[in-house]
Amino acid sequence: MKELGIEQLLGLDKFEVDDGQAHIVLDKAVCASCGAKPCTWACPARLYVLKDGEISFDYAGCLECGTCRAVCPHGDRAVTWNHPRGGFGVLFRYG
Amino acid sequence: MAEEKFDALIVGAGPAGSTAAYLMAKAGLEVLLVERGPAPGSKNMFGGRMYGHALNRIIPGFWEEAPVERPVTRETITFLDGEKSVSLNCRDTAWGRPPYHSFTLLRAEFDAWLASRAEEEGAILATGIRVDEPLLRDGKVAGIAAGDDEILADVVVAADGVNSLLAQKAGLCTMFAPRQVGTGVKQVIALPPDVIDSRFQVDAGDGAVHMFVGDCTEGLPGGGFLYTNKNTVSLGVVVGVAALAQSELPMSRVLEGFKAGPHVAPLIEGGEVVEYSAHLVPEAGLGMLPRLFGDGMLVTGDAAGLVVNLGYVIRGMDFAIASGAAAAETVIAAKAAGDFSAQGLSGYEKSLQDGFVLRDLEAYRLAPRFMENERLYTTYPKLAAGLASKLFEVDGRPSVHLLSKVMGTLKDDHVSWWNLAMDGWKGGRHL
């Protein structure tokens, strides 16, 4: 089987993206001060990307697992984590 | 006008929540089952298998109507080390007959079915609603707030999964530590049913479960899994979050590496990936048990961390279902007594103790600590695979007897006899 990149993997899933509200919000100042930045590899959807030394995060492809919140060395100070609003987010067809 | 108030408000239409709703509604209680997904099951995923005993007690013969995939009749554990592997393979065809032992299943369909059973008994299902916080009155949980709405109930059941913001906001549990959870990622891969039957050597329609330990997680604590469904297989890996934090290994790529490995690739050859998903797994057992009840609230299933992972047996759904049933039993009794205080709900913990949930978590209380031992994921899979390979190898060199082969491999792999003996002893006692 061919190796699949993260865009291809997320492309298989169905999302109802909430354009009005991000369910995960980062404190960029705390993230900038973070040395390890484990979110950049631990997030199964690879939504935390380092760009010019700054973490950029796109909530649109979130699989809602909570790994970022669990792995973050700064916890709630850096990641304000919530579930997407009702009806929005990833929709597993198999699960 | 008097405010409308439910007897029970259940947050999360997964196995714990829907079981609780089903039993409470059946007993005549007014139940509201709230689900944040547009349909029950749309937010839920797991590895792939439910042990059937818990649900069979509640809905006898559930497999006649429930959307289960395959009854599991073959169990395999494989230790991986590069090109080598060695497997323990067990088949019991009796598991393929009623009352069956366990079923593979897919949660989108299964959870929707279980919620529909609760609805049939009279529970009201409200989908697409995210509960924001518990509603506190006089220090007691009196309902929930969702957006601008407030909904009142005598008791709120937190069945909202491993990331239970509800139980955390009610002060019944705290945020877990990285070492208490694992991250699981999974791909659902489509294959024709007859290919699954023959490739996994099961009778038509029967299922196989395959666990993997070793370099599938690149040596990190965790493992790989494969569950055969009707016309798909669920393939994935779980890695402890504390180790993942140190690893710099992207989870999605760990799974791709596992898929491409020489021992897995032939199993999924020709398949087509149809979904990618991820979830946290509570792995600390009693070590992460919250306060199970408070004034006006109970915590069930993954929200309470009710999971046992022994490597060869991983249980979550049967605990979730049994905890939902215990919650229902408790709430029905509390309603009869008119007491929804923590005191009035304290029977929940006893019910979990009298049943198997807390008894089994207690029995395996030291397993999570044992499973943190990194030798289980590095040294021992390498040792087992290497030893097996030597056992079968003939190369014309002078013959070596079994004992010398074992001793030689232990020496070559720098395995300490003391560690091996101690780990073996502990494993035997704790798993």
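About the thresholds
Residues numbered from 1 in each chain as written. Chains lettered and ligands numbered in written order. Predicted model: local features only at pLDDT ≥ 70, side-chain atom pairs only at ≥ 80, totals over all residues. Heavy atoms only, no water. Helix = DSSP H or I, 4+ residues; strand = E, 2+ residues; numbered from the N terminus. Contact = heavy atoms within 4.5 Å. Areas by Shrake-Rupley, 256 points an atom, 1.4 Å probe, with all protein chains shown as cover. Lys, Arg positive; Asp, Glu negative; His and termini not counted. Charge placed at Lys NZ, Arg CZ, Asp CG, Glu CD. Buried < 20%, exposed > 50% of the residue type's maximum accessible area, 1.4 Å probe, protein only. Phe/Tyr/Trp six-rings, centres within 6.5 Å; stacked < 30°, edge-to-face > 60°. Lys NZ or Arg CZ within 6 Å of the ring centre and 35° of its normal. Buried area = accessible area lost by both parts, 1.4 Å probe. Salt bridge = Lys/Arg side-chain N within 4 Å of Asp/Glu carboxyl O. Polar contact = N/O pair within 3.5 Å; in protein donor to acceptor, adjacent residues only side chain to side chain. 1 Å grid on protein atoms, 1.4 Å probe; cavity = no way out; pocket = protein on both sides within 12 Å on 5 of 7 lines; lining within 4 Å. Points joined across faces, edges and corners; volume = space filled by probe spheres on them. Nonpolar A, V, L, I, M, F, W, Y, C, P; charged D, E, K, R; others polar. Core = buried A, V, L, I, M, F, W, Y, C linked by side-chain atoms within 4.5 Å. Axes fitted to C-alpha atoms, helices over the stretch in contact; angles between N-to-C directions. Parallel < 35°, antiparallel > 145°, perpendicular 65-115°, else oblique. Left-handed = near helix turned anticlockwise from the far one by under 90°.

1. Thoughts on the overall build of chain A
Okay, so step 1: Of regular secondary structure, chain A possesses 4 helices and 6 strands.
Okay, so step 2: Start at the N end of chain A and walk to the C end: the helices and strands fall as α-β-β-α-α-β-β-α-β-β.
Okay, so step 3: Nonlocal contacts in chain A, meaning residues at least 24 apart in sequence, comprise 69% of its contacts between residues at least 6 apart.
Okay, so step 4: On chain A, roughly 4400 Å² of surface is accessible, and the fraction owed to carbon and sulfur atoms is 50%.
Okay, so step 5: Both charge centroids of chain A, one from 10 positive and one from 12 negative side chains, sit 3 Å from each other.

2. Looking at unusual backbone geometry
The phi angle of most residues is negative, glycine excepted, and most peptide bonds adopt the trans form.
Okay, so step 1: Residues Pro98 of chain B and Pro99 of chain B are joined by a peptide bond in cis, for which omega reads 5 degrees.
Okay, so step 2: Summarising the element assignment, Pro99 of chain B is placed in the loop between strand S5 (84–91) and strand S6 (102–104).
Okay, so step 3: In this structure, Asp52 of chain A is a non-glycine residue whose phi angle is positive, near 50 degrees.
Okay, so step 4: Tracing the backbone shows Asp52 of chain A in the loop between strand S3 (48–51) and strand S4 (54–57).
Okay, so step 5: Taking the relative accessible area as the measure of exposure, Asp52 of chain A reaches 84% and is therefore exposed.
Okay, so step 6: Despite not being glycine, Gln201 of chain B has its phi angle at roughly 55 degrees, a positive value.
Okay, so step 7: In this fold, Gln201 of chain B is placed in the loop between helix H5 (193–199) and strand S12 (207–214).
Okay, so step 8: In this structure Gln201 of chain B comes out as exposed when scored by relative accessible area, which is 53%.

3. Observations regarding the packing of aromatic side chains
Okay, so step 1: According to the stated counting rule, one finds 10 aromatic pairs over all chains in the structure shown.
Okay, so step 2: Consider the rings of Trp63 of chain B and Phe103 of chain B, whose centres lie 6.3 Å apart with planes at 25 degrees: the pair is stacked. Taken together, the positions of Trp63 of chain B in the loop between helix H2 (53–58) and strand S4 (70–81) and Phe103 of chain B in strand S6 put the pair 40 residues apart, joining distant regions of the chain.
Okay, so step 3: Residue placement shows Arg69 of chain A over the ring face of Phe176 of chain B; its charged tip is 6.0 Å from the ring centre.

4. Regarding the interface of chain B and chain A
Okay, so step 1: The interface of chain B with chain A comprises 52 residues on the first partner and 38 residues on the second.
Okay, so step 2: Summed over both partners, the interface of chain B with chain A buries about 3900 Å², with 57% contributed by carbon and sulfur atoms.
Okay, so step 3: Of all residues in chain B, Arg130, Glu275 and Tyr276 of chain B give up the largest surface area on contact with chain A, accounting jointly for 19% of the area buried on that side.
Okay, so step 4: Counting the contacts that link chain B with chain A gives 2 salt bridges.
Okay, so step 5: Linking Glu64 of chain A and Arg36 of chain B is a salt bridge whose minimum nitrogen-to-oxygen distance equals 2.9 Å.
Okay, so step 6: On inspection of chain B and its partner chain A, the count reaches 23 residue pairs in polar contact (both at pLDDT 80 or more).
Okay, so step 7: Mapped by element, the contributors of at least two residues to the side of chain B that touches chain A are helix H3 (107–120), helix H4 (165–169), strand S11 (181–190), helix H6 (241–247), helix H7 (251–260) and strand S15 (272–282) of chain B.

5. A closer look at the layout of surface pockets
All names here are of chain B.
Okay, so step 1: What the second largest pocket holds in volume is close to 310 Å³.
Okay, so step 2: It is helix H14 (residues 402–412) that provides the largest number of residues to the lining of the second largest pocket, a total of 4 residues.
Okay, so step 3: Tallied by class, the residues present in the lining of the second largest pocket amount to 3 nonpolar, 5 polar and 5 charged.

6. A word on the nonpolar core
Residue and element names in this part refer to chain B.
Okay, so step 1: Within the largest apolar cluster, 83 residues are counted, with the highest numbers of intra-cluster contacts made by Leu9, Ile10, Met24, Leu55, Phe62 and Phe110.
Okay, so step 2: A per-element tally of this core places helix H9 (residues 317–337) first, with 11 residues.
Okay, so step 3: Once residues lying within four places of it in the same chain are set aside, the contact partners of Ile10 are Gly17, Ala20, Ala21, Met24, Val31, Leu32, Leu33, Val34, Val157 and Ala159.

7. Brief notes about the packing of H9 of chain B against helix H10 (residues 347–354) of chain B
Each packed pair of helices is defined by two parameters, the angle between the axes and the distance between the axes.
Residue and element names in this part refer to chain B.
Okay, so step 1: At a minimum axis separation of 9 Å, H9 and H10 run at an interaxial angle of 135 degrees. In terms of their interaxial angle, H9 and H10 are classed as oblique. For the pair H9 and H10, the sense of crossing is right-handed. Judged by residue contacts, Ala322, Ser323, Ala326, Ala327, Glu329 and Thr330 of H9 engage Gly347, Tyr348, Ser351 and Leu352 from H10.
Okay, so step 2: A per-class count over the contact of H9 with H10 returns 5 nonpolar, 4 polar and 1 charged.

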